[in-house]
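So the chains spell out like this:
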Amino acid sequence: MIREETVLQNQLLDPEARIYKLVLKGKVAETARPGQFVHLKVSPTLDPLLRRPISIAGINRQRGEITLYYRVAGRGTELLAGVREKQTLNLIGPLGNGFTMPSGGELLLLAGGIGIFPLFSLLEALDRTKVKLKLLWGAENRRFLQAVGLKTLEQMGVDYEVSTLDGSMGRQGLITALLESYLQERNYTIGTQSLKFPGDPWTKKDWDPTGEERSPLRAVACGPQGMLKAVTAICLQKGVPIEVSLEERMACGVGACLGCVCTVRGADGALARKRVCQDGPVFDGREVVWDEEG
Amino acid sequence: MIREETVLQNQLLDPEARIYKLVLKGKVAETARPGQFVHLKVSPTLDPLLRRPISIAGINRQRGEITLYYRVAGRGTELLAGVREKQTLNLIGPLGNGFTMPSGGELLLLAGGIGIFPLFSLLEALDRTKVKLKLLWGAENRRFLQAVGLKTLEQMGVDYEVSTLDGSMGRQGLITALLESYLQERNYTIGTQSLKFPGDPWTKKDWDPTGEERSPLRAVACGPQGMLKAVTAICLQKGVPIEVSLEERMACGVGACLGCVCTVRGADGALARKRVCQDGPVFDGREVVWDEEG
Amino acid sequence: MKKVDLTTQLAGVKLKNPVITASGTFGFGEEYARFYDPSLLGAITVKGITPLPRLGNPVPRLAETPSGMLNSVGLENPGLEAFLKSYLPKLEKLKTAVIVNISGFSLDDYALMASSLPEDSCIAALEVNISCPNIKQGGMAFGTDPRRAEEVLKVTRKHTRLPLIAKLSPNVTDIVEMAKAVASGGADIISMINTLLGMRIDIKTKKPILANTMGGLSGPAILPVAVRMVYQVYKAVDLPIIGMGGISSWQDAVEFMLAGASAVSIGTANFVNPMAPLEIISGLEEYCRREGYHSIKEIVGLAHKL
Amino acid sequence: MKKVDLTTQLAGVKLKNPVITASGTFGFGEEYARFYDPSLLGAITVKGITPLPRLGNPVPRLAETPSGMLNSVGLENPGLEAFLKSYLPKLEKLKTAVIVNISGFSLDDYALMASSLPEDSCIAALEVNISCPNIKQGGMAFGTDPRRAEEVLKVTRKHTRLPLIAKLSPNVTDIVEMAKAVASGGADIISMINTLLGMRIDIKTKKPILANTMGGLSGPAILPVAVRMVYQVYKAVDLPIIGMGGISSWQDAVEFMLAGASAVSIGTANFVNPMAPLEIISGLEEYCRREGYHSIKEIVGLAHKL
Ligand SMILES: Cc1cc2nc3c(=O)[nH]c(=O)nc-3n(C[C@H](O)[C@H](O)[C@H](O)COP(=O)(O)OP(=O)(O)OC[C@H]3O[C@@H](n4cnc5c(N)ncnc54)[C@H](O)[C@@H]3O)c2cc1C
Ligand SMILES: Cc1cc2nc3c(=O)[nH]c(=O)nc-3n(C[C@H](O)[C@H](O)[C@H](O)COP(=O)(O)OP(=O)(O)OC[C@H]3O[C@@H](n4cnc5c(N)ncnc54)[C@H](O)[C@@H]3O)c2cc1C
Ligand SMILES: Cc1cc2nc3c(=O)[nH]c(=O)nc-3n(C[C@H](O)[C@H](O)[C@H](O)COP(=O)(O)O)c2cc1C
Ligand SMILES: Cc1cc2nc3c(=O)[nH]c(=O)nc-3n(C[C@H](O)[C@H](O)[C@H](O)COP(=O)(O)O)c2cc1C
Ligand code: FES
Ligand code: FES
C-alpha cells in the first residue's frame, strides 16, 4: 500500500489554471478502481508534513500506469509541480471506495471544473456497448475546457455538453441549468417520486438495470461542494439516483484520524459521521447531509 | 550577498566518510577570500529551517567558480548530497573575515581531518615564490587522506607530512606529535618566550616578515576543537604565532543572533564574546579562551 | 550478536517493546492492519471514549502548519456502550496490549467509564485524558488546574484496578505541578504531551480554517516542547513516563527516552508514514546494539546522568 | 492603481508600515544593513538590554528543530551604559523608529533602564521583556505570574513617558490573564509571543544539545500557537498588538493581522531569508490592493468579524 512509483510524465496542461498531468508507473495500477485516490508525499522533509490526496484519473493495468491531474492550489501541489521525470514519488494507495460500476442503463456524468478528473477513469472503464453515457461539464471558460480535457473526451467519443460561466463555450451559466434542461428534454419517466433518505433506503437494485429498475438513468457527480449539493437536489427530486464524490481535508487517508468526515443520515434517521477517505470518497447522494443542521 | 548559484558539480569523493565536492558558478567568486564561508539553504521548504555554513575551499575568479567540500553529517548535508548539476543553490556569502595573507616568511598549515578544506583556498592563493609552505595533516586513515586531498596537494606541489590514527599512512598518532617533532627538528630560535594574551598584545607585526620579526614562522590551523586547542598551546609555547579557524553552530551567519559566539580574552584581560560568523571564523590563537572558566 | 531486550515495564504494565500508538491517531487498531500486524507494537491506544456517543466538531477539522498539523476532531467516538459491544471484541483479536483513552465532562463520567471497562480483557491500562483542547466543558479544563486534575485521578482510581495513565496537557505554565498533582491523585503512569492549542486563518476567506476556530497542534513542530516537559517531569516525579509529541523517527524516540520516557507513543507520524512505529522499534534495537546496551531500559533518563 | 496606506499607529507610536524586526534577531540594526536600508522598515527592535553587560550563556546556544530553532543566548548584551554611549548614536543614524527591549532581574533594574533611556531620541518605545526563557532569575518568572508582570509594568511606567510595549511569554496556561495584567499595569501595547520553552538531546553524546539545557523555541513551528494567542488577546483586551512568532512570509503576516495584530515582528525568518521583512511589506501592500482595502488598518482583526 505504501509505494514508490516512478514519474513518467509531469506536464503542465494549462498555464493559467496551472493544471498538470502526472503519469506514474508502479503497483497502484494493478488494483486501482475508478473513483479511488492516492495519498502523495510531496516533500522528503518534515514540511509540508501531510500527504496530499489526488484522484486516480486514468488506470492502465497492462502498462502498470496511473494518470493523475492536479491543480496547483498551494505549497504542496507547488512542490509536486517541480517533480521531474524518472524521480520517484512516495504514495499510499489505491484508497477509498470508488464509483459503483453499472453494467447497463444510462449513466449521466456531472462534472464541475476539475471535478472532471476522477470521471475520466470511470469513462475509461465503463463498457460503453452496454452503458449509455452522457457527460455534462460546467467550467469557467473555453480555455480551461480545452486545456484540461475536451480533446480526451473527443478521442473517447463521449457524448457531452458544456456550460461556461463567461459563455465562451457551450451554454452560459451553471451546470445546474444544463442538467435541468437535459432531464426535461429527455422527459424521463424515471423516478415517479423524489428519492430521499431515510424512508427510501438505499438498495443495490437502484444500480442494477437488470433488476426491476425504477430508473434506467443514474448520475455520478464530482465537483465543488456547492455544485454537488445543487445537482444532488435536482436529481433526487426527479427520482434519479446519484453518487457524489466528496472532498475533505485529509491527514491519514485511511480512516484513522477522523479528520475528513462528512455528515450522513443513517437508516434510523439519526445524523452520523462517515469518513470521506475510508467510507468514501463516493457517497450515495441521498445519505449526504450538506449542512450539519439539515 | 544573497545569491542563486548554479551547481556545476556535486561529486562523491569518499563513499565511506561521505565527502562531496561541490562546484558553484556565480558571484561569490568575485570577492571571496581564503578562510571565508558561504551560508547555504539546503531545502526550499521550512524544514530543515536554518542555513548551513560551508567553508570556501577553492576560488576561481576568472571562471566565477567556487569549490566547497562537505561531509554528510546530518539532515542538511544529506539533502545537499541530493542536489544535481544545473540546479541552483541559494546562499549568502562570502561571509567571515578569512585568513591573514602573509607575503613572506614561512607558513605552517595544520589540518585535522576535514579541516583541510578551508586551507585549500589559502594554499591556492599564497604566493609560494615568497612564502615557504609546510602542511601537516592528521586524519583517521590512508583511505580518507587519499580520497579527500592527497592528489590535490601533490598536484600543487605542496610539502606535506601526514599522521593517521591507525598508522595506515605517515606517522601513527595525532597531529600534535607531528607538530612537536617538526618544530624540534627545525630547532627554531623563533619565539624566545611563549606568546600569550594579554600582556602580549596582538600586533600586525607578528605577521609581517618585513618588519622586525620575532618569528619567521607562523601557523594556521583548522580542525576539530580539541586539535585546535592542542596545537595552539604548542605553537604559542614555542613562540609561534597561530591563527585558528573556529566552528560553531550558526543561525544568521551575519552577526545578528549571537548564537555562534566564542570566548576571548580582551586586551584588558577580561573575558568577552566574539561572533564566529562575523568576527571570525579566523581568530588569533592567543585570544581564544578554549574553556570558558579558563 | 546478542539480542537487545526491548521489553518494557510501566508500573504494572508489561510491554513487548516501548513503542505505542497514540490515541486518536490509530483509530481502533484496525485501520493500520493493512500495513502491518498491530501485535508487533508494544501497545495501541484507542481513540478517546466518552460515556455517550459524540459526533464531534463540524469540518474542516484539519489544518496543516509548518512541520505540524491542527486537529479539532472534538472527541468523535461511538460511546462507551458501542465501544464495549462492537469494538472491544475486535480489539481482543489483535493480540496486543490495548490502552483505552477515556474523556469526560464531569467526575461522574470518569467514574462511569472506569467502572464499566473490564479489568480482565486485552485492556492493559486506562489513559485518563484530561487534556483534550477540542471540547468546551471538561477536557482541557481538568488538565490545566492541578486540583481538578488530582480529583479526576482520585475518582477514576476508586472505580478500577486497572493501571491508570494520566495524560497531561502542555498548555500550562508549570508542567511539573500538574505531574505532581496527578501523581498524588493516584496515577501509575504519566503520558505526555497532548496537543498545544493553536489556530490558523484562511487569508482568502479571512476566517479561521477550523470550523471550531482553534485546535490541537501535533507533529514534529512540538517535539522540542515535549522533550523539555518529559525532561522536567522525569527529574521531579517518580512515575514512569510515556513520551510523545512529534516523534517521527527512531532518533526522536531515543531523544525522548534519554529525556526520561520509559516508552514512547507515535501519533501524527502514522499519517505521514504508516510504517513509522515498526521502523522506530527496529531503530531503537539497533541503537542499543550499537551503543552497547543490553536492554532498552538502560537508556531511560540518561540525559540526566551524564 | 491607488496606493495602499501602510502607515500604522500603535498607541502613540507612528510607523511607516507595520513590519518590525524582532528583538534578538536583528542585532543593533547594522548587521542587516548590508542587505537593505533599515529605514525601509516600520521599526527595528534591538537585542534585550540589561543594566549591566552580560556574557550570556556558554555555547552551544543553538539547536535546530523541525521548522524551528532553539536558542539559549541568555541575554548577552553590552549593558545599559555601553548601549547609550556606543549603540544609540549609531541607531540614531539609521533613520528608523527604534524599539529598545529591556530585561531585568528585579523591579529596580526595570526602573533604572526606564529612567535612563532618553525620551527624545530615535527610541519610539520600550519593549518590556518579561518573557526571556534563558535566564535564571527574573526573565520568564515575571512573565508567567500575572501579579508580578503587572508590577513590572507599573514600575517601568513610573520612570518614563515613552510608550511601553509589554512582551508576553507563551509559556502560560492563560495568555488572556497575562494580557489583562500588563494592561492594568499600564502597558500601551502588547507584543507577543516570545519563545516557547523547549529542549533537544544529542543522541550521540546523550546530553542536552544546548549548554544551558533548555532554550527558546522560535520559527515557523510556533506560528499556530502565536496566531491563537493573538486572536485570544485581541478579543479580550483593548490594546494594540504587535504579533510575532514564526512569520516568514507575507501570508503569515496577513494571518496575524486578521487575528488582531496591528503590526507584526519578524524574528527567526531574518536568519533564513534576510530579505523577508521587505518581501512582507510589499506582500501586505499587494494583498490589500487585490482585496480592495485602502489601508492596512482595515484588515486588523477581520477574522473576528466575518
Ligand atoms: C479524495 C480527494 C481527491 C482529490 N483529487 C484531486 C485531483 O484529482 N486533482 C486536484 O487537483 N486536486 C484534488 N484534490 C484536492 C487536493 O487534494 C488539494 O488541492 C491539495 O491537497 C492542496 O494541497 P496544497 O498543498 O497545494 O494546498 P494548501 O492549501 O497549501 O494545503 C494545505 C492543506 O490543506 C489541504 N487542502 C487544501 N485544499 C484542499 C482541498 N480542496 N481538498 C482537500 N484538502 C485540501 C491540503 O491537503 C493540505 O493538508 C482531491 C482532494 C480529495 C480529498
Ligand atoms: C564556519 C564554518 C565552516 C564550515 N565548513 C565546513 C566545510 O567546509 N565542510 C564541511 O563538511 N563542514 C563544514 N562545517 C560544518 C558544517 O556546517 C556542518 O557539518 C553542517 O552544518 C551539518 O549540517 P547537517 O544538517 O548535515 O547536520 P545536523 O546535525 O542535522 O545539523 C543540525 C544543526 O546543527 C548544526 N551543526 C551540526 N554540526 C555542526 C558543526 N560541526 N558545525 C556547525 N554547525 C553544526 C547545523 O548547521 C544545523 O543547524 C563548517 C561549519 C562552520 C561553522
Ligand atoms: C487527529 C488527532 C486526534 C487525537 N485524539 C486524541 C484523543 O482522542 N485523546 C487523546 O488523549 N489524545 C488525542 N490526540 C493527541 C495524541 O494522542 C498525541 O498526544 C498528540 O497528537 C501528540 O503526539 P504526536 O505529535 O505524535 O501526534 C489526538 C491527536 C490527533 C492528531
Ligand atoms: C536568537 C534569538 C534571540 C532572542 N533574543 C530576544 C531578546 O533579547 N529579547 C526578547 O524580548 N526576545 C528575544 N527573542 C525572541 C524574539 O524576539 C521573538 O519573540 C521570537 O523569536 C518569536 O518570533 P520568531 O518566531 O519570528 O523568531 C530572541 C529570539 C531569538 C531567535
Ligand atoms: S483522513 Fe484520517 S479519517 Fe480520513
Ligand atoms: S550565527 Fe548569528 S551571530 Fe553568528
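Residues numbered from 1 in each chain as written. Chains lettered and ligands numbered in written order. Predicted model: local features only at pLDDT ≥ 70, side-chain atom pairs only at ≥ 80, totals over all residues. Heavy atoms only, no water.

Peer 1: Hey, could you run me through the overall build of chain A in this one?
Peer 2: Check the secondary structure of chain A and you find 6 helices and 16 strands. Split into buried and exposed, the 294 residues of chain A put 58% on the buried side. Considering only residue pairs separated by 6 or more positions, chain A has 67% of its internal contacts joining residues 24 or more positions apart. Carbon and sulfur atoms form 48% of the exposed surface of chain A, whose accessible area is close to 12100 Å². (Helix = DSSP H or I, 4+ residues; strand = E, 2+ residues; numbered from the N terminus. Buried < 20%, exposed > 50% of the residue type's maximum accessible area, 1.4 Å probe, protein only. Contact = heavy atoms within 4.5 Å. Areas by Shrake-Rupley, 256 points an atom, 1.4 Å probe, with all protein chains shown as cover.)

Peer 1: For this particular structure, what's the right way to read the sheet that holds strand S7 (residues 98-102) of chain D?
Peer 2: Residues and elements named next belong to chain D. Overall, parallel pairing links the 8 strands, which are arranged S3-S4-S7-S8-S9-S10-S15-S16 in a closed barrel. On average, each strand axis in the sheet is inclined to that of its neighbour by 25 degrees, with strand direction left out of account. In the sheet, strand S4 (residues 43-45) pairs with S7 via 2 bridges, with the strands oriented parallel. Along S7, the bridge assignment pairs Ile44 with Val98. Strand contacts of helix H4 (residues 146-158): S7, strand S8 (123-129) and strand S9 (164-167), with the helix running at about 160 degrees to S9, the strand carrying the most contacts. (Pairing = 2+ DSSP bridges. Axes fitted to C-alpha atoms, helices over the stretch in contact; angles between N-to-C directions.)

Peer 1: It is not clear to me how the domain arrangement of chain A should be interpreted in this structure. Could you clarify?
Peer 2: How big an interface is tends to be stated in terms of the accessible area lost upon association of its parts. All names here are of chain A. Domain boundaries in chain A define domain 1 (2-95) and domain 2 (106-247). Across the boundary between the two partners, domain 1 contributes 15 residues, which contact 12 residues of domain 2. In terms of surface lost to domain 2, no three residues of domain 1 exceed Pro34, Ala57 and Tyr69, which account for 36% of the buried area on that side. At the surface where domain 1 touches domain 2, the tally comes to 2 salt bridges. Arg143 is paired through a salt bridge with Asp14; the nearest N and O atoms lie 2.8 Å apart. (Domains from an automatic or database assignment. Buried area = accessible area lost by both parts, 1.4 Å probe. Salt bridge = Lys/Arg side-chain N within 4 Å of Asp/Glu carboxyl O.)

Peer 1: Sorry if this is basic, but what is going on with the relation of the copies chain D and chain C here?
Peer 2: Relating one copy of the chain to the other requires a rotation about an axis plus a shift along that axis. You can overlay chain D on chain C at an RMSD of 0.0 Å; the transform is a turn of 180 degrees with a shift of 0.0 Å along its axis. Considering both components of the superposition, the chain copies are consistent with a two-fold axis. (Least-squares fit on C-alpha atoms with pLDDT ≥ 70 in both.)

Peer 1: How should the site of ligand 4 be read in this particular structure?
Peer 2: Around ligand 4 there are 23 residues in total, and Ser23(D), Lys167(D), Gly219(D), Gly246(D) and Thr268(D) lie nearest to it. Mapping the residues adjacent to ligand 4 onto the chains of the assembly identifies chains B and D. Take Lys47(D): an N or O atom from its side chain is 3.0 Å from a nitrogen atom of ligand 4. Between ligand 4 and Thr268(D), the relevant distance is 2.6 Å, taken from an oxygen atom to a side-chain nitrogen or oxygen of the residue. For the shell around ligand 4, a count of residues per class yields 6 nonpolar, 15 polar and 2 charged. (Near = heavy atom within 4 Å. Polar contact = N/O pair within 3.5 Å; in protein donor to acceptor, adjacent residues only side chain to side chain. Nonpolar A, V, L, I, M, F, W, Y, C, P; charged D, E, K, R; others polar.)

Peer 1: Help me understand the sheet that holds strand S10 (residues 160-164) of chain A in this model?
Peer 2: Backbone-to-backbone hydrogen bonds join strands into a sheet, with any given pair of strands oriented parallel or antiparallel. All names here are of chain A. Here 7 strands make up an open sheet; going across it, the order is S11-S10-S9-S8-S12-S13-S16 and the pairing mixed. Strands at the two margins of the open sheet, each flanked by one partner only, are strand S11 (171-172) and strand S16 (282-284). Helix-sheet contacts for helix H6 (residues 225-237) involve strand S8 (106-112), strand S12 (217-222) and strand S13 (242-245), and the interaxial angle to S13 is about 175 degrees.

Peer 1: For this particular structure, what's the right way to read the site of ligand 1?
Peer 2: Taken together, 20 residues surround ligand 1, and among them Arg52(A), Pro53(A), Arg71(A), Gly76(A) and Thr77(A) come closest. Residues near ligand 1 are shared among chains A and C, making this a multi-chain site. Arg75(A) is positioned such that a nitrogen or oxygen atom in its backbone is 3.2 Å from an oxygen atom of ligand 1. Between ligand 1 and Glu247(A) there is a distance of 3.3 Å, counted from a nitrogen atom to a side-chain nitrogen or oxygen. In isolation ligand 1 offers 820 Å² of accessible surface; the protein chains occlude 85% of this area. Elements represented by at least two residues in the shell around ligand 1 include exactly strand S4 (52-55), strand S6 (65-71) and helix H2 (75-81) of chain A. The dominant element in the shell around ligand 1, judged by the number of residues it contributes, is S4(A), at 4 residues.

Peer 1: Explain the pattern of salt bridges here, please?
Peer 2: Two side chains of opposite charge can pair, provided their charged atoms sit close to one another. Following the criterion strictly, the structure yields 58 salt bridges over all chains and no others. Arg18(B) is the partner of Glu78(B) in a salt bridge, and the nearest nitrogen-oxygen pair spans 3.1 Å. Of the two residues, Glu78(B) is situated in helix H2 (residues 75-81) and Arg18(B) in the loop between strand S1 (2-14) and strand S2 (19-25); the sequence distance between them amounts to 60 residues. On the accessibility criterion, Glu78(B) (39% relative accessible area) is partly exposed. Linking Lys206(C) and Glu291(D) is a salt bridge whose minimum nitrogen-to-oxygen distance equals 2.5 Å.

Peer 1: Looking at this structure, how should I read the interface of chain B and chain D?
Peer 2: At the junction of the two partners, chain B supplies 31 residues and chain D supplies 36 residues. Taking both sides of the interface into account, the surface hidden between chain B and chain D amounts to around 2700 Å²; carbon and sulfur atoms contribute 63%. The largest contributions to the chain B side of the interface with chain D come from Leu49(B), Arg249(B) and Arg273(B), which together make up 23% of the buried area. Counting across the interface, chain B meets chain D through 2 salt bridges. As a salt-bridge pair, Glu31(D) and Arg275(B) come within 3.4 Å of each other at their nearest N and O atoms.

Peer 1: Would you take a moment to explain the side chain of Ser265(D) for this structure?
Peer 2: All names here are of chain D. Tracing the chain through its elements places Ser265 in strand S16 (residues 263-266). Judged by its relative accessible area of 3%, Ser265 falls in the buried class. Apart from residues lying up to four places away in sequence, Ser265 is in contact with Ile20, Thr21, Ala22, Ile242, Gly243, Met244 and Ile247.

Peer 1: Please explain the packing of helix H7 (residues 250-259) of chain D against helix H9 (residues 276-291) of chain D as it appears in this structure.
Peer 2: Between two packed helices, the angle of one axis relative to the other and the distance separating the axes together describe the packing. Residue and element names in this part refer to chain D. Here H7 crosses H9 at 65 degrees, and the two axes come no closer than 8 Å. Classified by chirality, the crossing of H9 by H7 is right-handed. Taken together, the residues of H9 that come into contact with H7 (itself represented by Trp250, Ala253, Val254, Met257 and Leu258) are Glu279, Ile280, Gly283, Leu284, Tyr287 and Arg290. Counted by class, the contact of H7 with H9 contains 8 nonpolar, 1 polar and 2 charged residues. (Left-handed = near helix turned anticlockwise from the far one by under 90°.)

Peer 1: Sorry if this is basic, but what is going on with the interface of chain D and chain C here?
Peer 2: Each side of the interface is counted separately: chain D has 45 residues, and chain C has 45 residues. Across the chain D to chain C interface the summed buried area is about 3700 Å²; carbon plus sulfur atoms make up 67%. Put simply, chain D and chain C have 6 salt bridges between them. At the boundary of chain D and chain C, one finds 14 residue pairs in polar contact (both at pLDDT 80 or more). Every element with two or more residues in the side of chain D that touches chain C is listed here: strand S11 (196-198), strand S12 (201-202), strand S13 (207-208), helix H6 (223-236), H7 and H9 of chain D. A class-by-class count of the residues in the side of chain D that touches chain C yields 27 nonpolar, 10 polar and 8 charged.

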